[in-house]
Amino acid sequence: MSNITFGVVVFPGSNCDHDAYHAVKHVFGKRAEFLWHKESDLRQSDVIILPGGFSYGDYLRCGSIARFSSIMKEVVRHAERGGYVLGICNGFQILTETGLLPGVLLRNRSLEFVCKHVRLRVDNNDTAFSCAYSAGQLLSIPIAHGEGNFYTDDMTLAELENSNQIVFRYVNGHGEAADAANPNGSRNNIAGIVNRSGNVLGMMPHPERSVERLLGSTDGSGVFSSLLSTITGSVPVSL
Amino acid sequence: MFKATITVQLRPSILDPEGKAIENALRSMGYSTLSNVRVGKHIELSVDASDEEQARAIADEACGKLLANPVMEDYSIALKEI
């Protein structure tokens, strides 16, 4: 289990790369490697993390330029082989621009950059990224974004719902996906989705920022322990 | 050589909160006759091509791959020989 490697991609403008690296290496004690965007070697990473930030200054559209970097060609190959890819915040935006996940992240409905802890509900705990949680579990995990408003057309939205690809949803304290609990205007309160084959997850909230009690919440740790237990075939351990 | 002027717009079905905010500002300034504000992008570039058809094909491909995202945006291309 200690040989599991997480590759954290670093684009110019990434700013949560060190948080992800810290969570993997110092909190979970696993191997972590920074992968510069110009590289084309994933260094045998089992899981690729596309971290949050403002890759290439968010020029043109968030994530649109990162998509064409050398490292992303390899990340796409890795995903097509069934390798795990976790896109957080800007990483989620990159995954939609790359076409590894459907939809797009639009400007927040409020036009404001929203930085706060939000309540999430685990709507699918049968994925490699969420099996350490129980179904319907409520989590407190921070968001920090200006473009997190998940949009897709009606048909794709219905497909996402019907095939259970919505993993995390913004909810209120009662666990209801109410409009008032929607921080950015995302359709159906979507906070995180997984692809059809279940190996690529994108989410706007930051699980890597909630893995230590010191930071106010350890609710994000389930994402990492889910991956670790899926890869090793063991029972998930919560922190 | 052609100069391409590309306009990228959010698709009509997509809410444009930036356009709405601008519209509200215009209204508060007293412009009661202005409405339907939509914000888009204006991109200019030169295309080295032998004729307009080829220039359009190249610009169109660039729009489809990078300059616009068909999930949320439409684009139009105007060409002028330079």
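The structure reproduced in this document is the subject of the present report.

What counts, and at which threshold
Residues numbered from 1 in each chain as written. Chains lettered and ligands numbered in written order. Predicted model: local features only at pLDDT ≥ 70, side-chain atom pairs only at ≥ 80, totals over all residues. Heavy atoms only, no water. Patch = residues over 30% accessible without salt bridge, like charges linked within 9 Å, V, L, I, M, F, W, Y side chains within 5 Å. Areas by Shrake-Rupley, 256 points an atom, 1.4 Å probe, with all protein chains shown as cover. Salt bridge = Lys/Arg side-chain N within 4 Å of Asp/Glu carboxyl O. Helix = DSSP H or I, 4+ residues; strand = E, 2+ residues; numbered from the N terminus. Buried < 20%, exposed > 50% of the residue type's maximum accessible area, 1.4 Å probe, protein only. Contact = heavy atoms within 4.5 Å. Polar contact = N/O pair within 3.5 Å; in protein donor to acceptor, adjacent residues only side chain to side chain. Nonpolar A, V, L, I, M, F, W, Y, C, P; charged D, E, K, R; others polar. Pairing = 2+ DSSP bridges. Axes fitted to C-alpha atoms, helices over the stretch in contact; angles between N-to-C directions.

Judged by side-chain polarity, Met29, Tyr31 and Leu34 of chain B come together as a nonpolar surface patch covering roughly 310 Å² of accessible area. Examined against the element boundaries, leucine 34 of chain B turns out to sit in the loop between α1 (17–28) and β2 (40–47).

All names here are of chain A. For proline 102, the location among the structural elements is in the loop between α3 (90–98) and β5 (104–106). Classification of proline 102 by relative accessible area gives partly exposed; the value is 26%. A sequence separation of 93 residues divides proline 102 from asparagine 195, and the C-alpha atoms of the two residues are 8.0 Å apart. Those residues within four positions of proline 102 in sequence are excluded, and the remaining contacts are Thr96, Phe150, Thr156, Leu160 and Ile193.

Another aspect to go through is the interface of chain B and chain A. Between chain B and chain A, the residue contacts involve 16 residues of the former and 14 residues of the latter. Across the chain B-chain A interface, the total number found is two salt bridges. A salt bridge links glutamate 73 of chain B to arginine 61 of chain A; the shortest N-O distance between them is 3.7 Å. At the boundary of chain B and chain A, one finds six residue pairs in polar contact (both at pLDDT 80 or more). Those elements that place two or more of their residues in the side of chain B that touches chain A are α1, β2 and α2 (52–67) of chain B. Looking at the side of chain B that touches chain A residue by residue, the classes come out as 10 nonpolar, two polar and four charged.

All names here are of chain B. The three strands are arranged β2-β1-β3 in an open sheet whose pairing can be described as antiparallel. A strand with exactly one partner marks an edge of an open sheet, and here the two such strands are β2 and β3 (73–81). With direction set aside, neighbouring strand axes in the sheet form an average angle of 20 degrees. Strand direction decides the pairing type here: strand β1 (residues 2–10) and β3, joined by nine bridges, are antiparallel. For lysine 3, the partnering residue across the bridge sits in β3 and is lysine 80.

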